[in-house]
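Okay, here's what each chain looks like letter by letter:
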Amino acid sequence: FADEPQSNLSLGNKKGLYEKLKQINAKIFIWDKDFTKEFENCFYLPLAADSSKYTTNFSKYEHSITFVGRPLTQKRQMILCELVKVFKNKLSIFCYEKHFLQSIEEIKSQNLLEEADLEIYSKCWKGFVTKEKELAKIYNSSKINLNITEQGKSSLNYRVFEVLASGGFLITDEREDLNLLFEEKNFFETYKNTADLIDKIEFYLQNLNIAQKMAQIGRFKCIENHTFNNRVKTILKSLRKN
């Protein structure tokens, strides 16, 4: 289960699905350990990446700061708007066009950007990709890949593993499970707040050699420990206990 069990994003308009899930006579594996109490016979299983699809060789940088995902929540919009103010046209956003257009209207209504910066933001949208290999190339060719976790309470979303598997450099918000899943954290960067994020982006844009070396280590660590093959082994081991 790779979503919040009772969220609109998970259930849509079919709220009854949640009760049906609770009645299933099976083991349920869920991505965030704080949700394991939602169901009977439920176990924590982190997300991962498909190492056969999220892999690419570095050729050249095509993007400075990349965010892949819906720019729709206030949390994400406030961060992205601050990045536009500081870094101007260095931000690239990949998402559904309708979600990006919606974000423009929401940013307007909240007065998060002055007119000049709003014009810059409106040009940040770089399209939507449907294939994993295309996404891997974007991650790999970005100087910095930004993650802003929106769902869950403690664990890591798909973007963390996919960026690492692609050999991209990752800056992600601090989450409890970073310490649980990665004994060493010298192959990606974390931020505590927007000011901290801006400081670290400025540093790594000026020190791309450091970022690239960290990304190479991250790719190896992810493929070694955080692929779907690893997760399937965990599931099979759990099932054999019965």
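Our subject is the structure listed above.
Draft legend 1. Up close: the pattern of salt bridges. Applying the stated criterion to the full structure yields 10 salt bridges. A salt bridge links K53 to E132; the shortest N-O distance between them is 3.9 Å. Here K53, found in the loop between strand 2 (42-44) and strand 3 (63-68), pairs with E132, found in helix 6 (residues 132-140); they are 79 residues apart in sequence, far enough to count as distant. The exposure class assigned to K53 is partly exposed, which follows from its relative accessible area of 34%. D117 is paired through a salt bridge with K88; the nearest N and O atoms lie 2.9 Å apart. Here the residue D117 occupies a position in helix 5 (residues 115-121), and K88 occupies one in the loop between helix 3 (74-87) and strand 4 (91-94), the gap between them amounting to 29 residues. Overall, D117 belongs to the buried group, its relative accessible area being 12%.

Draft legend 2. Here's a closer look at the nonpolar core. If you look at the biggest cluster of nonpolar residues, it comprises 33 residues, and the most contacted ones within it are L83, I93, L146 and I201. Secondary structure elements with two or more residues in this core: strand 3, helix 3, strand 4, helix 4 (97-110), helix 5, strand 5 (142-147), helix 9 (194-206) and helix 10 (208-225). Not counting chain neighbours up to four residues away, the residues in contact with L83 comprise I65, K88, L146, L197, I198 and I201. Residues I28, W31, Y54 and C222 belong to the second largest nonpolar core, which totals 30 residues.

Draft legend 3. Region of interest: the sheet that holds strand 7 (residues 189-191). Strand order across the open sheet formed by five strands is 4-3-5-6-7, with parallel pairing between neighbours. The open sheet terminates on both sides in strands that have one partner only, identified here as strand 4 and strand 7. The sheet shows a mean angle of 25° between the axes of neighbouring strands, direction not considered. As paired strands, strand 6 (residues 170-173) and strand 7 are joined by three bridges and run parallel to one another. The residue of strand 7 that forms the bridge with D173 is Y191. Contacting strand 3, strand 4, strand 5, strand 6 and strand 7, helix 3 crosses the sheet at an angle of about 170° to strand 3.

Procedures and definitions
- Residues numbered from 1 in each chain as written.
- Predicted model: local features only at pLDDT ≥ 70, side-chain atom pairs only at ≥ 80, totals over all residues.
- Heavy atoms only, no water.
- Salt bridge = Lys/Arg side-chain N within 4 Å of Asp/Glu carboxyl O.
- Helix = DSSP H or I, 4+ residues; strand = E, 2+ residues; numbered from the N terminus.
- Buried < 20%, exposed > 50% of the residue type's maximum accessible area, 1.4 Å probe, protein only.
- Core = buried A, V, L, I, M, F, W, Y, C linked by side-chain atoms within 4.5 Å.
- Contact = heavy atoms within 4.5 Å.
- Pairing = 2+ DSSP bridges.
- Axes fitted to C-alpha atoms, helices over the stretch in contact; angles between N-to-C directions.

Scope: geometric values only; no functional claims are made or implied.
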